[in-house]
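What follows is the residue order along each chain.
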Amino acid sequence: MGQTLVEKILSRKCGRYIGAGEIIIVGGLDCVFTHDASGPLVISRLNELGGGIGLDPSRVCVFIDHVVPSPSASISNDYKALKGFALEKGVRFHDQGCGVCHQLIAEYYASPGDIIIGSDSHTTMAGAFGAFATGMGASDVAIALKTGMTWLRVPESMRISVEGRLPKGVFSKDVILKIIGMIGAEGANYKSMEFHGSAIRRMNMEERMTITNMAVEAGAKCGLIPPDEETRKYLEERGRGDKYFKIEPDGDAIYSDEISIEASDLEPMIALPHNVDNVVPVEEVLGKRVDVVFFGSCTNGRMEDFKVIDKIIGGERIDRGVRAIATPASRNVYLQALKAGIIERLASAGVVITPPGCGLCIGVVGGIPADDEVVLSTANRNFLGRAGNPKAHIYLSSPATAAASALYGAITDPREAM
Amino acid sequence: MGSKGRAWKFGDNITTDHITPSRYMHLRSNLFELSKHAFEDIRPEFSSSVKPGDIIVAGRNFGAGSSREHAPIVIKTLGVSAVIAKSFARIFYRNAINIGLPPVICDTSTINDGDLVELDLQEGIVKNLSNKAEVKFKPLPEEIVRILSEGGIVNYVKKHGGLDKF
Ligand code: SF4
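Residues numbered from 1 in each chain as written. Chains lettered and ligands numbered in written order. Predicted model: local features only at pLDDT ≥ 70, side-chain atom pairs only at ≥ 80, totals over all residues. Heavy atoms only, no water.

Enquirer: It is not clear to me how the overall build of chain A should be interpreted in this structure. Could you clarify?
Expert: Along chain A, the regular secondary structure elements total 14 helices and 18 strands. For a compact globule of 418 residues, the expected C-alpha radius of gyration is about 22 Å, and chain A comes in at 20 Å, within 12% of that figure. With the C-alpha coordinates aligned to their principal axes, the bounding extent of chain A is approximately 60 × 55 × 40 Å. Across the 418 residues in chain A, those meeting the buried criterion constitute 65%. (Helix = DSSP H or I, 4+ residues; strand = E, 2+ residues; numbered from the N terminus. Rg over C-alpha atoms; globule rule 2.2 N^0.38 Å. Buried < 20%, exposed > 50% of the residue type's maximum accessible area, 1.4 Å probe, protein only.)

Structure follows, in structure tokens:
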């Protein structure tokens, strides 16, 4: 019987035919990671299990990314303990300022066919490489560290195909917002979302990552894109070309649902407070006053995004009523944007640049909005209380919509600013 | 396995940010303190009024969002004996089992806030003692009941020496 991409990846690892619905125990995990937010609990679970790591330490990463730089002694003490743990176990350690875990997983670790387990829900992002990547809680991650194994229920798959060319001003963020709006916050619960079609093939890796990153916002266990020449190019540019191989679903694979989208019909989309699936065309909220604009996060804090933002804002002064904050997703992105002159132009336009990390997406440090303020964010979640204040109203859009809105101080259609 | 307690009724799409607001992340190593902020943006009285044995009753997609295991942990820390919902977000469901908090999927529309509810996990039945309504659900799979009765997956792995006997 034909297999979906997730069935193919898991079969390859298990050395036998695997089908949806099966419960499997799988070893040979390629990467297991945790970060400052969940790491302390992972370590205490691991200690309950006796402490040791049963996995090659080069496959384990600890990231300090959620709250950086540390704003308090108690958080710094947690970081000190995490660093001590990483050094003691000899695992990979990415300290404050290196960037968001998912971005670093993309830059340094993810390859086709991998199994990646992270103690963070947006671990799905690495599915852009054709890797099975999923988020789990601290106990599961501790067990993966201890035993080198995890258990999984093999998910059914949803086949989503996006065909054609995206119109000017419409980006991969609009595609995924549109899909989440269509199927809802639990539209893909427990499933694998598999993305196909010429519009996806035309996207570079950074654009694809935005899509697989947000698969979890529809409840998916993983979001997968079959690896192709774009994947190879991305890996080669980072010295990992040898990791590339082709893995794709069979033509007669069985899907639980199929969705087709015509790219040329799409328009800029926006998620209204306080749910990610509360999606409407930007057109419906044009002119709404914006107080804070956030450019960043694992969803849209990459070089590709900064290029788009730069193209719209350039060195022009953003609206004086807006506080705009830009947080590169990693140090590499920061340096690239710096060399390209983008950081300088954004700073002179009045944008505050904060160090690589999660920044305002998680909202513990870095520009928490005041009561009743409207935040337009390029991140992936607008839940009540996200960005640090339950009295704020968070909207989610593409970097282009956010940039155009920062310029005019109100929600603006990016097609008018490009 | 079963329990009895007052229902705390919630709607659809309760997220991990409702359960454990991200802004309290600095309390993540102090679960007792963190639990004092559970649901504070939507039901500020929750943590101070909830009684041991009480049951959370919700709509669709309970626990959407983050993979933080802190979310089911604070609920359990406050003494809640089970969460009953029309559906759960995937990671929360798994985390709840892993830490020994039973997640039950069934129709919750006949249960109102404050009703006295009795839950029988083996039989797969929720009895609303306040209005005599009864709702049946598919009992949890045996593996899951075993993990719950051993107090969570970490205890389970400790006892059985790994995942193999799963
Ligand atoms: S940027 Fe936001 S969504 Fe991404 S890992 Fe950080 S907190 Fe989570």
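Enquirer: Would you explain the nonpolar core in this entry?
Expert: Across soluble globular proteins, nonpolar side chains show a tendency to be buried alongside one another. One finds B:Phe39, B:Phe46, B:Phe62 and B:Ile75 to be the most contacted residues of the largest nonpolar core, which totals 126 residues. Ranked by residues supplied to this core, first place goes to helix α5 (residues 138-147) of chain A with 6 residues. Counting residues domain by domain, this core receives three or more from each of domain 1 (5-262) and domain 2 (269-416) of chain A. Beyond its immediate chain neighbours, meaning those up to four positions away, B:Phe46 contacts B:Trp8, B:Phe10, B:Ala38, B:Phe39, B:Ile56, B:Leu78 and B:Val80. (Core = buried A, V, L, I, M, F, W, Y, C linked by side-chain atoms within 4.5 Å. Domains from an automatic or database assignment. Contact = heavy atoms within 4.5 Å.)

Enquirer: Help me understand unusual backbone geometry, please; the structure alone is not making it clear to me.
Expert: Keep in mind that most residues, glycine aside, have a negative phi and that most peptide bonds are trans. All names here are of chain A. The residue after Val68, namely Pro69, is reached through a cis peptide bond having omega -15°. With respect to the helices and strands, Pro69 occurs in the loop between β3 (60-63) and α3 (73-89). In this model, Asp372 sits at a positive phi of 65°, which is unusual for a non-glycine residue. Topologically, Asp372 is positioned in the loop between β16 (352-353) and β17 (374-377). We classify Asp372 as exposed; its relative accessible area is 57%. Even without glycine at this site, Ala387 takes up a positive phi of about 65°. As for its placement among the helices and strands, Ala387 is situated in the loop between β17 and β18 (393-396).

Enquirer: Would you mind going over a nonpolar patch on the surface with me for this structure?
Expert: Residue and element names in this part refer to chain A. Residues Met1, Tyr17 and Ile254 make up a contiguous nonpolar surface patch of roughly 380 Å² in combined accessible area. Within the secondary structure, Ile254 sits in the loop between α9 (229-237) and β11 (257-262). For Ile254, a relative accessible area of 53% gives the class exposed. (Patch = residues over 30% accessible without salt bridge, like charges linked within 9 Å, V, L, I, M, F, W, Y side chains within 5 Å. Areas by Shrake-Rupley, 256 points an atom, 1.4 Å probe, with all protein chains shown as cover. Salt bridge = Lys/Arg side-chain N within 4 Å of Asp/Glu carboxyl O.)

Enquirer: What is the right way to look at the pattern of salt bridges in this model?
Expert: Side chains bearing opposite charge may pair, as long as their charged atoms lie close to each other. All names here are of chain A. One pass over the structure, following the stated rule, counts 31 salt bridges over all chains. For Asp228, the salt bridge identified is with Arg208, shortest N-O distance 2.8 Å. With a gap of 20 residues between them, Asp228 in the loop between β10 (222-224) and α9 and Arg208 in helix α8 (residues 205-213) connect regions that are remote in the sequence. You'll find Asp228 and Arg208 in the same group, each marked buried.

Enquirer: Can you help me understand the packing of helix α5 (residues 90-99) of chain B against helix α6 (residues 142-149) of chain B in this one?
Expert: A packed helix pair is summarised by two numbers, namely the angle formed by the two axes and the spacing between the axes. Residue and element names in this part refer to chain B. At a closest axis distance of 7 Å, the pairing of α5 and α6 adopts a crossing angle of 50°. Classified by the angle their axes make, α5 and α6 are oblique. Of α6, the residues touching α5 (which contributes Tyr93, Ala96 and Ile97) are Ile144, Ile147 and Leu148. Residue composition of the contact of α5 with α6, grouped by class: 6 nonpolar, no polar and no charged. (Axes fitted to C-alpha atoms, helices over the stretch in contact; angles between N-to-C directions. Parallel < 35°, antiparallel > 145°, perpendicular 65-115°, else oblique. Nonpolar A, V, L, I, M, F, W, Y, C, P; charged D, E, K, R; others polar.)

Enquirer: How should I be thinking about the site of the ligand in this particular structure?
Expert: All names here are of chain A. His66, Val100, His102, Asp120, His122, Ser297, Cys298, Cys358, Cys361, Ile362, Asn380 and Arg386 make up every residue found near the ligand. Of the residues contributing to the shell around the ligand, the split by class is 5 nonpolar, 5 polar and 2 charged. Taken domain by domain, the shell around the ligand gets at least three of its residues from each of domain 1 (5-262) and domain 2 (269-416). (Near = heavy atom within 4 Å.)

Enquirer: Explain the sheet that holds strand β3 (residues 82-85) of chain B here, please?
Expert: Whether parallel or antiparallel, the strands of a sheet pair through hydrogen bonds between backbone atoms. Residue and element names in this part refer to chain B. Strands sit in the order β4-β3-β2-β1-β5-β6-β7 across an open sheet of 7 strands; the sheet is mixed. For this open sheet the edge positions go to β4 (103-105) and β7 (134-136), each flanked by a neighbour on one side alone. Strand after strand, the sheet turns through a mean of 25° between neighbouring axes, direction not considered. One ladder, built from 3 bridges, connects strand β6 (residues 125-128) with β7; its direction is antiparallel. Note on β7: the bridge partner recorded for Val126 is Val135. (Pairing = 2+ DSSP bridges.)

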